[in-house]
Amino acid sequence: LSALRRRCDVAGKRLSEPGLAAEGRVLRSVLYVYHSRLLRHRPYLALQQVEQCLKRLWKMNLVGCLETLVKLIPKKNASEAHAECLVPSQPMLETVALKVLGGCKLILRLLDCCCKAFLLSVKHLCSKEFILLNTLASGLLSRLWCVIQYRCVLETLTSVYGALSTVLHLVSETQQTPYIKGFTFPSDISDFLGVNISSEAKKQKAKMLTTKKSTSWMKKLFPPMPEAVSKVGKKRKSETCISAMKNRSIPCALDIGETVV
């Protein structure tokens, strides 16, 4: 029970981190701004799938469910380790276990959608289509993928299910009051998900990094300037800035920069 309480606390904190919520808000804002312009654009449609997965994850209220379970787990001192205590009922444990299974499946789908949308954005960026949107989308998707992956959100939920499955098995042996019928809870969550989490994350990371290196889209969009032209441009820019500082009557709206080809 203490292991289950600890893992539920960690999972709740990682799911309710401000970084994940912030990326979701930025994604919704981007979709709102570009809604009327890019209804048939493939990266935009892929972004919509990512946003749909995030919306379903929030509507599950997985954090609230884990917090409710933590409140039902009794707090015991070391001296009371072998004493009798009240434990969460089998229906409650089954409900939380089902939500955790669904949350893991949904997060796995979210990571997959992020990877596919990122690859599409980079592909269209290399074709010089909607440069601003695709640059913004690729950065947003990579950040969202990293927030979920490197904060170990999925791994934490799988560890919660491991402890939950053990407690559920012990409670059902003591007094059987099954609530969810027609579904067998898997002993190993990897069998239910159908993939190895660590290997799947490595595959997605390799895809994203390989795409970045092979396309070198930044070099295609912004080709290197010849050294002589670069030196002349820098000299002109510094002279313009110095003259602008001396003549303070120049209006702020005046563009004192160099033309970018």
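Our subject is the structure that appears above.
Residue positions are counted from 1 within each chain, in the order its sequence is given. Reporting of local features is limited, given that this is a predicted model, to residues whose pLDDT is at least 70; pairs of side-chain atoms are given and counted only at 80 or more, and all residues count toward the totals for whole chains, interfaces and linings. The basis for every side-chain value is the complete set of heavy atoms in the structure, and neither hydrogens nor water enter the calculation.

Asker: Hey, could you go over the side chain of Thr158 for me, with residue numbers and the actual values?
Answerer: Each helix is a run of DSSP H or I of at least 4 residues and each strand a run of E of at least 2, with the numbering of both proceeding from the N terminus. One can find Thr158 in helix H7 (residues 153-174). With relative accessibility at 15%, the residue Thr158 sits in the buried group. Here the side chain of Thr158 touches Glu155 through a polar contact of 2.6 Å, landing on its backbone oxygen. Only protein chains enter the calculation, and the probe is 1.4 Å; a residue is then buried if its accessible area is under 20% of its type maximum, exposed if over 50%, and partly exposed in between. Here a polar contact means two N or O atoms within 3.5 Å. Within protein one must be a hydrogen donor candidate and the other an acceptor candidate, and residues neighboring in sequence count only if both atoms are side-chain atoms.

Asker: Summarise the nonpolar core; cite the residues concerned and give the values.
Answerer: Among soluble globular proteins, nonpolar side chains are generally buried collectively. The set of buried Ala, Val, Leu, Ile, Met, Phe, Trp, Tyr and Cys residues whose side-chain atoms join them within 4.5 Å is what this entry labels a nonpolar core. Of all hydrophobic cores here, the largest spans 65 residues; its most connected members are Val50, Leu69, Val100 and Ile107. Breaking this core down by element, the ones donating at least two residues are helix H1 (2-15), helix H2 (18-33), helix H3 (42-59), helix H4 (62-72), helix H5 (90-126), helix H6 (131-150), H7 and helix H8 (189-193). At 18 residues, H5 tops the list of elements feeding residues into this core.

Asker: If you had to explain the pattern of salt bridges to someone new, which residues and values would you point to?
Answerer: Basic side-chain nitrogens of Lys or Arg form a salt bridge, by our definition, when they fall within 4 Å of a carboxyl oxygen of Asp or Glu. Enumeration according to the criterion identifies three salt bridges in this entry. Its salt-bridge partner being Glu23, residue Arg143 comes within 3.1 Å of it at the nearest N-O pair. One end of the pair, Arg143, is in helix H6; the other, Glu23, is in helix H2, and 120 residues separate them in sequence. Given the relative accessible area of 41%, Arg143 is considered partly exposed. You can call Glu23 buried: its relative accessible area is 10%. Taken together, the shared-partner salt bridges in this structure form one network comprising Arg109, Asp112 and Lys116.

Asker: Lay out the side chain of Gln90 with the relevant residues and their values.
Answerer: For Gln90, the position within the fold is in helix H5. Owing to a relative accessible area of 6%, Gln90 belongs among the buried residues under this scheme. Not counting chain neighbours up to four residues away, the residues in contact with Gln90 comprise Leu168, Val171, Ser172, Gln175, Gln176, Thr177 and Pro178. Residue contacts are defined here by distance: any two heavy atoms, one from each residue, within 4.5 Å place the two residues in contact.

Asker: Talk me through the environment of Lys116; I want residue IDs and the actual numbers.
Answerer: By the secondary structure assignment, Lys116 is in helix H5. The partly exposed category is assigned to Lys116, whose relative accessible area is 48%.

Asker: Mind laying out the packing of H3 against H5, listing which residues take part and the relevant values?
Answerer: Between H3 and H5, the shortest axis-to-axis distance is 9 Å and the interhelical angle comes to 160 degrees. Considered as vectors, H3 and H5 are oriented roughly antiparallel to each other. Crossing hand, H3 versus H5: left-handed. Residue-level inspection shows Arg42, Pro43, Ala46, Leu47, Gln49, Val50, Cys53, Leu54, Arg56 and Leu57 of H3 in contact with H5, the latter providing Gly103, Leu106, Ile107, Arg109, Leu110, Cys113, Cys114, Ala117, Leu120, Ser121, Lys123 and His124. Gly counts as polar in this scheme, as do all residues outside two lists: the nonpolar Ala, Val, Leu, Ile, Met, Phe, Trp, Tyr, Cys and Pro, and the charged Asp, Glu, Lys and Arg. Split by residue class, the contact of H3 with H5 holds 14 nonpolar, four polar and four charged. Helix axes are fitted only over the stretch in contact, all axes being lines through C-alpha atoms; the angle between N-to-C directions runs from 0 to 180 degrees. For classification, angles of less than 35 degrees are called roughly parallel, those exceeding 145 degrees roughly antiparallel, those between 65 and 115 degrees roughly perpendicular, and all remaining angles oblique. Take the far helix as your reference; a near helix turned counterclockwise from it by less than a right angle gives a left-handed crossing, and one turned clockwise gives a right-handed crossing.

Asker: Give me the lowdown on H3, citing residues and values where you can.
Answerer: By this rule the span expected of a helix is its residue count minus one, scaled by 1.5 Å. The terminal C-alpha atoms of H3 lie 26 Å apart, and with 18 residues this matches the ideal 26 Å at 1.5 Å per residue to within 8%. When H3 is considered as a whole, its buried residues turn out to be Pro43, Tyr44, Ala46, Leu47, Val50, Glu51, Cys53, Leu54 and Leu57. Asn61 sits one or two positions beyond H3 and adopts a positive phi of about 55 degrees.

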